[in-house]
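Working through the structure, step by step
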Amino acid sequence: MLTLKYLKIVISTAMAAVIVAVNPVMILAADVEEVSVLGTGSSATDLEEVRSALLESEITGDEIIYGIDDEEIWALIDKDDLRSFVDVDTIREAIDKEAILEEIDVDMLAEKIDEEDLARQVDTDQHPVDIVNTKMPIIGEDSPFDFIIDPMKLVHDTDAAKYGAGRVEEGASILFKNKDGDYLFSSKSDLLTISNQGNIPVQLTIRAKINSAGGVEFVGSRSELGGADPQIFMALCDKDGIRSVMTEDGEARIDVVLDAVPDDSYSFVWNEEEGKYDYKVSEDFDEDDYDSFSFQIYGDCNTEGKWTDIGDAPTIVVSWEAVPVHPEKDKLDETVEQYSSEIEMKVSDYLAKQSDQEKELSSDQAKERNEKIEKLRREALIELANAQFKAMLEEELQRLVDDEVEVLATEEYKELRAEKIRQLLEEAENANEDANEDANKDANEEGFAEELTDESISQKATLEEASMQDETEKKTESEPEKEASEVSPVSNNENEPADNATSDEVIIFGE
């Protein structure tokens, strides 16, 4: 029985050693609030708090702060692209027109009127005929809208050696050959300019459409570029950015009105022989005063697409035309027209005050002349007030649209920044977990070695003590046997009954 007891002790000790090696976290009691971690001197709850503290320190620490480049994040945001998501019509309707109307200062506008010019207009007609004169760009054999698809940026990497060598815009994947500017190839075509040199306005329309897609998808936004399919983003632009996007469903289009030159830009002489007016540009007229519009094409492509699968290269067609008409009323003009009566009332009130201060004219001819001048002054003031009202509406609309674009840009920035923080946190957490695993492994190995040493000594002492106790018990058991043999010797005559047997108790030796 003692041998079985010793065997149980040895087995329990060996199992304890195995458990320590396999799982260093030993739960010694059911009601213990903390779990000791051998070899670390800390509890599991303490370690969790330390882990949380380390993670929190990563959130506000230098590694996260310096790991986020705000300029790099903002560079990923395309505000021109975001502008296309703004509901301009809704914003226009929300503008407080009455408040803007109150800001119109007729006194200030009156100071802009040339009184001598009004009198001159009464005496002479400066606009006897309409002159239609629109200066258009001329395209030669090499179109500025021909482009190269370079998703791998090979032209940039070779400095356009194949095309005569020159500077190439970095990062550009759709390349237009430029004659003007800093690049031989860039993502934008050269700016083309159309100017109105006539004395009547013209309606200018610029169109750009896909002539042949060549198996390439034309997307409506740069944010849609991506995936395995070949894709191109292409748009009509002015000097300020993207105005209209080319898609397979429709053409890109820009409509703009070019104002006429001032009436005194031309001088007219009646030609009796030919029965018409001869005219020429006034000597003091500056050509920079011509109203003009410049445009270009911008392109980008999906650099992840399988471009080897396309057949013919895609092509586009760009066209423009100018029609001599009076400016068509756009939505702002319609808004101005809705408030025309209020504007005319403001002008009438101003003129009424001025007429009360004027001296009474004696001659009928002077009165008639003054009435004509007054009529021109009224028309001029109404025109100036309408123009100012429209300009203020346009300025307010642009401001509100810009504010909305900034809101969208800020939202996208926050999303991109949050994603960057999540990425850095994940990297920091992985690094912390690796470091904690290494530290715990080293600590557990050291603690396990100490436990094994203590247990080996304890087991050896226990076995020696058990051995000594076994010998003592054997000696104790042998003494009763000796005494029993001396007191009750065995009879030599087996047939004689034992007269001295006084008890029925049977003694079994060795038990």
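Residues numbered from 1 in each chain as written. Predicted model: local features only at pLDDT ≥ 70, side-chain atom pairs only at ≥ 80, totals over all residues. Heavy atoms only, no water.

**Thoughts on the overall build of the chain**
Where we set the bar: Strands here are runs of E lasting at least two residues and helices are runs of H or I lasting at least four, both read from the DSSP assignment and numbered beginning at the N terminus. Working definition: with a 1.4 Å probe on protein chains only, accessible area under 20% of the residue-type maximum means buried, over 50% means exposed, and in between means partly exposed. Two residues form a contact once any of their heavy atoms are found within 4.5 Å. Surface exposure here means Shrake-Rupley accessible area, sampled with a 1.4 Å probe, where a residue is shielded only by the protein chains that are shown.
Along the chain, the regular secondary structure elements total 13 helices and 14 strands. Counting over 511 residues, the chain shows a buried share of 29%. Counted over contacts in the chain with a minimum sequence separation of 6, partners at least 24 positions apart contribute 75%. Put simply, the chain shows about 34400 Å² of open surface, and 48% of that area lies on carbon and sulfur atoms.

**What to know about the environment of D180**
Relative to the helices and strands, D180 resides in the loop between β3 (174-177) and β4 (185-186). Judged by relative accessible area, D180 falls into the exposed class, the value being 53%. Counting along the chain gives 11 residues from D180 to L191, while the straight-line C-alpha distance between them is 8.4 Å.

**Observations concerning the packing of aromatic side chains**
Keep this limit in mind: In this analysis, rings of Phe, Tyr and Trp, with Trp reduced to its six-membered ring, are considered paired at centre separations within 6.5 Å, and the interplanar angle assigns stacked below 30 degrees, edge-to-face beyond 60, and tilted for intermediate values.
This model, assessed by the stated rule, comprises 7 aromatic pairs. A centroid spacing of 6.3 Å and a plane angle of 65 degrees characterise the contact between F233 and Y298, whose relative ring orientation is edge-to-face. Here F233, found in strand β8 (residues 231-238), pairs with Y298, found in strand β13 (residues 291-301); they are 65 residues apart in sequence, far enough to count as distant. Take F233 and Y298: they sit in the same class, and that class is buried. Ring geometry for F295 against W320: centres 5.6 Å apart, planes inclined by 55 degrees, an arrangement best described as tilted. Here F295 is found in strand β13, whereas its partner W320 is found in strand β14 (residues 315-324), with 25 residues between them in sequence.

**Some thoughts on the nonpolar core**
The line we're drawing: In plain words, nonpolar cores are sets of buried Ala, Val, Leu, Ile, Met, Phe, Trp, Tyr and Cys residues tied together by side-chain atoms within 4.5 Å.
Judged by nonpolar contacts, the single largest core of 37 residues is most densely connected at I104, L381 and F389. Going through the elements one at a time, α7 (97-102), α8 (106-110), α9 (115-123), α12 (340-357) and α13 (364-487) are the ones with two or more residues in this core. Among the elements that make up this core, the one with the highest residue count is α13 (15 residues). Once you skip the residues sitting within four places of it in the chain, I104 turns out to touch L109, K346, A385, Q388, F389 and M392. Residues A208, F218, M234 and I297 belong to the second largest nonpolar core, which totals 27 residues.

**With respect to the sheet that holds strand β6 (residues 202-212)**
Backbone-to-backbone hydrogen bonds join strands into a sheet, with any given pair of strands oriented parallel or antiparallel. Applied cut-off: Strands are labelled as partners when DSSP assigns at least two bridges between them. A fitted line through C-alpha atoms represents every axis, and for helices the fit uses only the stretch in contact; the resulting angles, taken between N-to-C directions, go from 0 to 180 degrees.
Across the sheet, which stays open at both edges, the 3 strands sit in the order β10-β6-β14 with antiparallel pairing between neighbours. Lying at the two open borders of the sheet, with one neighbouring strand each, are β10 (252-258) and β14. Put simply, the sheet's adjacent strands are angled 15 degrees from each other on average, direction ignored. Pairing of β6 with β10, which is carried by 7 bridges, proceeds in the antiparallel orientation. Considered in β10, the bridge of L204 is made with V256.

**A closer look at the pairing of β13**
Burial analysis of β13 places 9 of its 11 residues in the buried class, which makes it a mostly covered element. Of the pairings in the sheet, the one linking strand β5 (residues 192-196) to β13 comprises 5 bridges and is antiparallel in character. The residue bridging I194 from the neighbouring strand is F293, located in β13. By the bridge criterion, 6 bridges tie β8 to β13 in an arrangement that is antiparallel. Its bridge partner being in β13, I232 is matched across the sheet by C301.

**Remarks on the sheet that holds β4**
Strands sit in the order β2-β3-β4 across an open sheet of 3 strands; the sheet is antiparallel. Across the chains shown, the open sheet's two edge strands, defined by having one partner strand only, are β2 (147-149) and β4. Note: β2 against β3, 3 bridges, orientation antiparallel. Counterpart to I149 in the pairing with β3 is I174.

**Let's talk about the confidence of the model for the chain**
Going by this rule: A residue's pLDDT is the predictor's confidence in that residue, given on a scale from 0 to 100.
Of the residues in the chain, 67% reach a pLDDT of 70 or more, and the chain-wide mean stands at 75. The weakest mean pLDDT in the chain belongs to helix α1 (residues 2-22) at 41; the strongest belongs to β4 at 97. Counting contacts from residues 53-60, a segment whose pLDDT is below 50, to residues more than four positions away or on other chains yields 11 contacts. With pLDDT under 50 throughout, residues 481-511 is counted as low confidence; its partners more than four residues away or in other chains account for 3 contacts.

**Structural notes on the pairing of β5**
In terms of residue burial, β5 counts as a mostly covered element, since 4 of its 5 residues are buried. Two elements, strand β1 (residues 134-135) and β5, share 2 bridges in a ladder whose sense is antiparallel. Following the sheet pairing, K135 is matched in β5 by S195.

**With respect to the pattern of salt bridges**
Quick reminder of the rule: One side-chain nitrogen of Lys or Arg within 4 Å of one carboxyl oxygen of Asp or Glu is enough to make a salt bridge.
Counted under the stated rule, the structure contains 13 salt bridges. Among the salt bridges present, the one from D402 reaches R83, with a minimum N-O distance of 3.1 Å. Of this pair, D402 sits in helix α13 while R83 sits in helix α5 (residues 79-83), and the two are 319 residues apart along the sequence. When its relative accessible area of 31% is taken as the criterion, R83 is described as partly exposed. Between E396 and R399 there is a salt bridge, with its nearest N and O atoms 2.7 Å apart. You can see E396 and its partner R399 sitting in helix α13, 3 residues apart, about one turn around the helix. Taking relative accessible area as the criterion, E396 reaches 23% and is therefore assigned partly exposed. Where salt bridges share partners, they join D78, R222 and D300 into one cluster.

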